[in-house]
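Tertiary structure, described
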Number of protein chains: 2
Amino acid sequence: MELTDRQKQILRAIVDIYVSTAEPVGSKAIAALPDVCYSSATIRNEMADLTQMGLLEQPHTSAGRIPSPAGYRLYIDELMQDYRLSLDETKSLNEALELKSQEFDKMMSQVGKLVSKMTDLPAYTVATRRNEAVTKHFDLIMAGPGSIILVLMLSDDQVRNKLIKLPVAVTEADLKLLAAVLNASMTDLTAEQINAELLEKITRTAGAASALVPLVIDFTLECLRQQHGDVHLTGQMRLLGQPEYKDAAEKAQEVFETLDEDMISNLPAVLPKDGPVQFLVGPENVAKELKDTSVVMMRFDIGEGMQGTIGVVGPTRMDYAKITAKLGYFAENLGKMFQKGGAATQPALTDGTDASNK
Amino acid sequence: MELTDRQKQILRAIVDIYVSTAEPVGSKAIAALPDVCYSSATIRNEMADLTQMGLLEQPHTSAGRIPSPAGYRLYIDELMQDYRLSLDETKSLNEALELKSQEFDKMMSQVGKLVSKMTDLPAYTVATRRNEAVTKHFDLIMAGPGSIILVLMLSDDQVRNKLIKLPVAVTEADLKLLAAVLNASMTDLTAEQINAELLEKITRTAGAASALVPLVIDFTLECLRQQHGDVHLTGQMRLLGQPEYKDAAEKAQEVFETLDEDMISNLPAVLPKDGPVQFLVGPENVAKELKDTSVVMMRFDIGEGMQGTIGVVGPTRMDYAKITAKLGYFAENLGKMFQKGGAATQPALTDGTDASNK
DNA sequence: GCTTAGCACTCCTTGGCTCTGAGTGCTAAT
DNA sequence: ATTAGCACTCAGAGCCAAGGAGTGCTAAGC
């Protein structure tokens with residue numbers, strides 16, 4: 001059943017006010033709004049109807065109304081008005097986006113921190129493969145007696161490396177040969193295409209370093225199969241700034257216990273499919289500990305083979321319009337940054353790090 | 001002025017009890033202990049003395065005593081008894097230590113999570129260079145038209161890589177040449193040894209890809225100069241489980257605002273020098289927001305060139321003995337794991353990740 | 001002289017109580 | 001259909017008294 005315009009107006013007003021005050025909204029407050037020309041009594045009647053329809057809730061008989069999850073959902077789907085970032089806001093977002101030459105993983109984590117800071121809520125980022133990855137290039141480097149480093153490049157520009165300790169000694173020449181063999185027979189392969197037959201063939205031609213082959217293959221398969229990158233979740237504690245968790249450390253902790261990287265990567269749509277932005281309102285979350293928590297996720301493009309998601313977690317009462325606008329701005333500019341590829345030095349999209357062990 | 005044995009016994013008892021109950025300790029509670037054979041009145045007298053000496057504090061006139069920071073410090077330095085891990089505890093620590101083949105950075109972050117989980121407090125890990133690093137090997141890989149990946153290996157087995165976009169086109173052969181030049185003239189160099197003269201010499205011999213040289217050098221210097229790796233801080237919210245933050249979300253948030261990776265890396269001794277373990281008790285912390293917070297840090301060895309630190313952050317009232325024991329166990333076993341180098345496949349100390357961008 | 005029993009005193013905590021005010025639902029008038 | 005008016009509800013703030021844990025001090029005991 002369709003809502004009347006007036007009902008929509010009232011619902012929207014209630015969501016807007018409640019989102020910013022975190023207090024139940026009474027009929028008088030609505031009536032006092034400049035663009036509302038009905039008395040509080042009329043509003044009360046409408047509010048009673050909206051409550052009946054399940055769009056509003058009443059914490060107790062003599063309190064104002066707050067939106068129900070269904071109310072939020074309707075607000076998001078139909079009533080939400082585009083929030084326009086103020087000049088100040090875009091300015092600080094722009095400043096925030098000036099990322100230093102960084103490795104990719106670090107950059108993603110940095111972006112998460114920025115988003116969290118700008119929204120004052122917990123935020124996460126993930127990079128996800130769009131198409132299946134294939135192998136691109138192998139490299140083997142001596143790293144000391146009995147240990148070598150395997151460097152593997154994938155089609156999505158991921159570079160992964162692994163230190164391998166060998167029981168047997170191999171020479172530089174052996175490694176060169178093996179690398180040549182690998183590059184000759186294992187280029188542009190998906191995980192499925194790497195089979196026992198291939199493995200055998202490579203082992204046969206690999207010469208002295210053939211003991212390495214299974215290790216190389218294992219690692220390659222592991223990399224190829226990895227669906228999405230690490231989830232970078234930060235700023236969880238910003239939830240505490242929200243009034244719903246004032247003097248409710250217990251509740252907050254319950255949420256924190258559920259809210260970790262694992263939980264994020266199990267979200268029904270770590271990368272939203274339907275559109276660039278997606279909402280999970282309160283009980284739409286799987287975990288019941290998060291029934292009072294919402295997630296806004298926004299997709300952005302990183303090159304051909306990859307895409308990223310940035311998300312924000314907050315109380316169900318949150319400023320969806322504003323958060324969406326901010327995420328959108330981030331997504332758009334990140335996308336641009338990746339697209340144009342960064343002026344050689346600028347947004348350096350590489351990984352790095354690694355590995356000691358003797 | 002030296003404490004009498006009885007005073008020591010009482011101080012120890014107060015710390016022990018307070019640490020586990022988080023409630024001020026009264027004279028009766030002490031008198032009731034099995035190995036205390038004095039009446040509560042005697043204890044009261046001693047407690048008054050200890051208070052006068054500044055080792056105990058009284059929240060208000062008619063409350064029991066709690067240890068002052070000085071009291072904790074004395075407890076740590078002189079009174080603390082070795083805590084022995086129970087069989088159950090070592091068992092779960094051992095289970096926790098069964099880390100899957102992982103890249104180094106991820107492993108460090110995982111260890112942090114484990115420590116945090118086992119101590120039920122926020123924890124961090126850092127890896128730090130012990131000696132100066134030198135360059136070991138360069139590698140350049142085509143990553144598509146106009147973009148290449150630079151792979152750099154350092155003496156501490158770090159492998160770092162970076163995607164570089166070039167305005168000019170280069171061929172595979174150009175890259176091969178450049179790589180050969182780099183490896184010929186830039187092996188085993190420290191950051192200082194890389195100077196303008198060297199740069200010029202390389203540029204001269206680098207052929208077609210000489211435009212790349214400054215970028216390579218910059219990145220190399222950046223890597224060589226990096227003193228310590230990323231700080232991995234996790235489990236901050238576990239602080240909320242501590243009674244001091246029950247119903248004190250504000251205070252907790254204040255702490256959280258200060259307690260981040262930056263703060264950790266500015267700790268006076270990210271890696272303790274004096275001994276494997278070090279304590280920062282309450283106000284010994286620099287930041288005044290952390291005046292009620294203590295840090296326990298424990299060093300462990302990773303191979304020749306590197307060492308790691310694991311640390312735990314908690315309320316000043318914390319079980320220093322137990323935490324130290326647990327950290328010690330972790331450190332010892334991590335050390336072993338790195339030392340023996342992992343059976344080729346096991347603790348895989350590599351990095352990985354990287355970098356898309358088109 | 002050290003130890004301890006006893007006692008008056010302090011002061012935080014808890015629970016119950018009332019009062020207040022915001023907000024509702026309903027009815028009757030416009 | 002709207003609105004003014006009114007009785008009713010109920011959470012929250014403020015207040016007070018009782019309860020109880022713990023102290024410091026004094027005087028008696030070993």
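The structure displayed is predicted, hence computed values, not measured ones.

Re the overall build of chain A
- When its secondary structure is counted, chain A shows twelve helices and ten strands.
- Here chain A, with 358 residues, has 57% of them falling under the buried criterion.
- The long-range share in chain A, meaning contacts at least 24 apart out of those at least 6 apart in sequence, stands at 62%.
- Total accessible area on chain A is roughly 15,500 Å²; 50% of this is exposed by carbon and sulfur atoms.

Regarding the protein's contact with DNA strand D
- Around DNA strand D, the structure places 20 residues, and the nearest of them are Ser39(A), Thr42(A), Thr61(A), Ser62(A) and Ser27(B).
- Here DNA strand D approaches the protein such that, of its atoms within 4 Å, sugar and phosphate make up 79%.
- Thr42(A) places a side-chain nitrogen or oxygen 2.6 Å from a phosphate oxygen of DNA strand D.
- Within the side chain of Arg44(B), a nitrogen or oxygen atom sits 3.1 Å from a base nitrogen of DNA strand D.
- Of all the secondary structure elements, the ones that give two or more residues to the surface near DNA strand D are helix H3 (40-52) of chain A together with helix H3 (40-52) of chain B.
- Ranked by the residues each element gives to the surface near DNA strand D, the list is headed by H3(A), at four residues.
- Of the residues belonging to the surface near DNA strand D, the class tally is four nonpolar, twelve polar and four charged.

Regarding the protein's contact with DNA strand C
- Near DNA strand C lie 21 residues; those nearest to it are Ser27(A), Arg6(B), Thr42(B), Thr61(B) and Ser62(B).
- When the atoms of DNA strand C within 4 Å of the protein are grouped by moiety, sugar and phosphate amount to 78% of the total.
- Ser62(B) is positioned with one of its side-chain polar atoms (N or O) 3.1 Å from a sugar or linking oxygen of DNA strand C.
- Looking at the surface near DNA strand C, the elements that each hand over two or more residues are H3 of chain A together with H3 of chain B.

With respect to the packing of aromatic side chains
- Summed over all chains, the structure comprises four aromatic pairs over all chains.
- Geometrically, the ring pair formed by Phe279(B) and Tyr320(B) is edge-to-face, given 6.0 Å between the ring centres and 70 degrees between the ring planes. Taken as a pair, Phe279(B) in strand E8 (residues 277-280) and Tyr320(B) in helix H12 (residues 320-340) lie far apart in primary sequence, 41 residues in all. Tyr320(B) matches Phe279(B) in its accessibility class, with the two residues each being buried.
- Three or more aromatic residues link up through ring pairs in this structure, and these residues are Tyr72(A), Phe279(A) and Tyr320(A).
- Arg6(A) extends its terminal NZ or CZ atom over the ring of Tyr38(A), reaching a point 4.5 Å from the ring centre.

Notes on the domain arrangement of chain A
Residue and element names in this part refer to chain A.
- Domain annotation for chain A reports domain 1 (5-79), domain 2 (84-130 + 229-356) and domain 3 (135-225).
- Of the residues lining the interface, seven residues belong to domain 1; the matching set on domain 2 comes to ten residues.
- When the two sides are added together, the surface that domain 1 and domain 2 hide from each other amounts to roughly 890 Å², 73% of it contributed by carbon and sulfur.
- If you sort the residues of domain 1 by the area they bury against domain 2, Val 19, Arg 73 and Ile 76 come out on top, with a joint share of 51%.
- Scanning the region where domain 1 abuts domain 2 turns up one salt bridge.
- For Glu 284, the salt bridge identified is with Arg 73, shortest N-O distance 2.7 Å.
- Taken together, the links from domain 1 to domain 2 amount to three residue pairs in polar contact (both at pLDDT 80 or more).

Details of a negative patch on the surface
- The grouping of Asp247(A), Glu250(A), Glu254(A), Glu257(A), Glu289(A), Asp247(B), Glu250(B), Glu254(B), Glu257(B) and Glu289(B) at the surface amounts to a negative patch.
- At the level of elements, helix H10 (249-258) of chain A together with helix H10 (249-258) of chain B are the ones that each hand at least two residues to the negative patch.
- Turning to its location among the elements, Glu289(A) is positioned in the loop between strand E8 (277-280) and strand E9 (293-302).

Observations concerning the side chain of Ser68(B)
All names here are of chain B.
- The topology assignment puts Ser 68 in the loop between strand E2 (66-67) and helix H4 (69-79).
- Looking at Ser 68, the relative accessible area reads 3%, which means it is buried.
- The residues touching Ser 68, leaving out its near neighbours within four places in the chain, are Gly 54, Leu 55, Leu 56 and Glu 57.

Here we look at the packing of helix H1 (residues 5-21) of chain A against helix H4 (residues 69-79) of chain A
Residues and elements named next belong to chain A.
- Two elements in contact, H1 and H4, have axes separated by 10 Å at closest approach and are oriented at 110 degrees. Viewed along their axes, H1 and H4 adopt a mutual orientation that is roughly perpendicular. Classified by chirality, the crossing of H4 by H1 is left-handed. Counted together, Lys 8, Leu 11, Arg 12, Val 15, Asp 16, Tyr 18 and Val 19 of H1 and Gly 71, Tyr 72, Leu 74, Tyr 75, Glu 78 and Leu 79 of H4 form the full contact between these two elements.
- Across the contact of H1 with H4, the residue classes tally to eight nonpolar, one polar and four charged.

Some details on the pairing of strand E5 (residues 147-154) of chain B
All names here are of chain B.
- Summarising burial for E5: eight of the eight residues are buried, a large majority.
- Side chains Ser 147, Ile 149, Val 151 and Met 153 of E5 all project onto a buried face; the interleaved residues Ile 148, Leu 150, Leu 152 and Leu 154 project onto the opposite face, where all are buried too.
- Pairing of strand E4 (residues 135-142) with E5, which is carried by seven bridges, proceeds in the antiparallel orientation. What sits directly across from Ile 141, in E5, is Ile 149.
- The pairing of E5 with strand E6 (residues 159-165) spans seven bridges and is classified as antiparallel. Its bridge partner being in E6, Ile 149 is matched across the sheet by Leu 163.
- Between the end of E5 and the start of E6, which pair antiparallel, lie four residues, with Asp 157 showing a positive phi angle near 70 degrees.

What to know about the layout of surface pockets
- Put simply, the second largest pocket is a space of about 870 Å³.
- In terms of lining residues, the second largest pocket is bounded by 32 residues, among which Asp139(A), Lys176(A), His137(B), Asp139(B) and Lys176(B) are the most central.
- In terms of residue class, the lining of the second largest pocket is built from 18 nonpolar, six polar and eight charged.

Regarding the sheet that holds strand E10 (residues 306-315) of chain A
Residue and element names in this part refer to chain A.
- Taken together, the five strands give an open sheet; going across it, the order is E7-E3-E10-E9-E8, and neighbouring strands pair in antiparallel fashion. Of all the strands in the sheet, just strand E7 (232-234) and E8 have a single pairing partner and so form its edges. Strand-to-strand twist across the sheet, computed as the mean angle between neighbouring axes with direction ignored, equals 15 degrees.
- Sheet topology note: the E8/E9 ladder contains four bridges and is antiparallel. By the bridge assignment for E9, Leu 280 is matched with Val 295.

Here we look at the sheet that holds strand E5 (residues 147-154) of chain A
Residue and element names in this part refer to chain A.
- Within the open sheet, the three strands sit side by side as E4-E5-E6. Their pairing is antiparallel. With one partner strand each, in any of the chains shown, strand E4 (135-142) and strand E6 (159-165) form the two edges of the open sheet. Taken pair by pair, the neighbouring strands of this sheet meet at an average axis angle of 20 degrees, ignoring direction.
- The sheet contacts of helix H7 (residues 172-185) involve E4 and E5, and relative to E4 the element is tilted by about 175 degrees.
- Lying on the sheet, helix H9 (residues 213-225) is in contact with E4, E5 and E6; it crosses E5 at an angle near 35 degrees.

Thoughts on the pairing of E6(A)
- Judged by how many residues are buried, E6(A) sits mostly within the fold: seven of seven residues are covered.
- On E6(A), burial covers both faces: Val159(A), Asn161(A), Leu163(A) and Lys165(A) on one face and Arg160(A), Lys162(A) and Ile164(A) on the other are all buried.

Criteria and thresholds
- Residues numbered from 1 in each chain as written.
- Chains lettered and ligands numbered in written order.
- Predicted model: local features only at pLDDT ≥ 70, side-chain atom pairs only at ≥ 80, totals over all residues.
- Heavy atoms only, no water.
- Helix = DSSP H or I, 4+ residues; strand = E, 2+ residues; numbered from the N terminus.
- Buried < 20%, exposed > 50% of the residue type's maximum accessible area, 1.4 Å probe, protein only.
- Contact = heavy atoms within 4.5 Å.
- Areas by Shrake-Rupley, 256 points an atom, 1.4 Å probe, with all protein chains shown as cover.
- Near = heavy atom within 4 Å.
- Polar contact = N/O pair within 3.5 Å; in protein donor to acceptor, adjacent residues only side chain to side chain.
- Nonpolar A, V, L, I, M, F, W, Y, C, P; charged D, E, K, R; others polar.
- Phe/Tyr/Trp six-rings, centres within 6.5 Å; stacked < 30°, edge-to-face > 60°.
- Lys NZ or Arg CZ within 6 Å of the ring centre and 35° of its normal.
- Domains from an automatic or database assignment.
- Buried area = accessible area lost by both parts, 1.4 Å probe.
- Salt bridge = Lys/Arg side-chain N within 4 Å of Asp/Glu carboxyl O.
- Patch = residues over 30% accessible without salt bridge, like charges linked within 9 Å, V, L, I, M, F, W, Y side chains within 5 Å.
- Lys, Arg positive; Asp, Glu negative; His and termini not counted.
- Charge placed at Lys NZ, Arg CZ, Asp CG, Glu CD.
- Axes fitted to C-alpha atoms, helices over the stretch in contact; angles between N-to-C directions.
- Parallel < 35°, antiparallel > 145°, perpendicular 65-115°, else oblique.
- Left-handed = near helix turned anticlockwise from the far one by under 90°.
- Pairing = 2+ DSSP bridges.
- 1 Å grid on protein atoms, 1.4 Å probe; cavity = no way out; pocket = protein on both sides within 12 Å on 5 of 7 lines; lining within 4 Å.
- Points joined across faces, edges and corners; volume = space filled by probe spheres on them.

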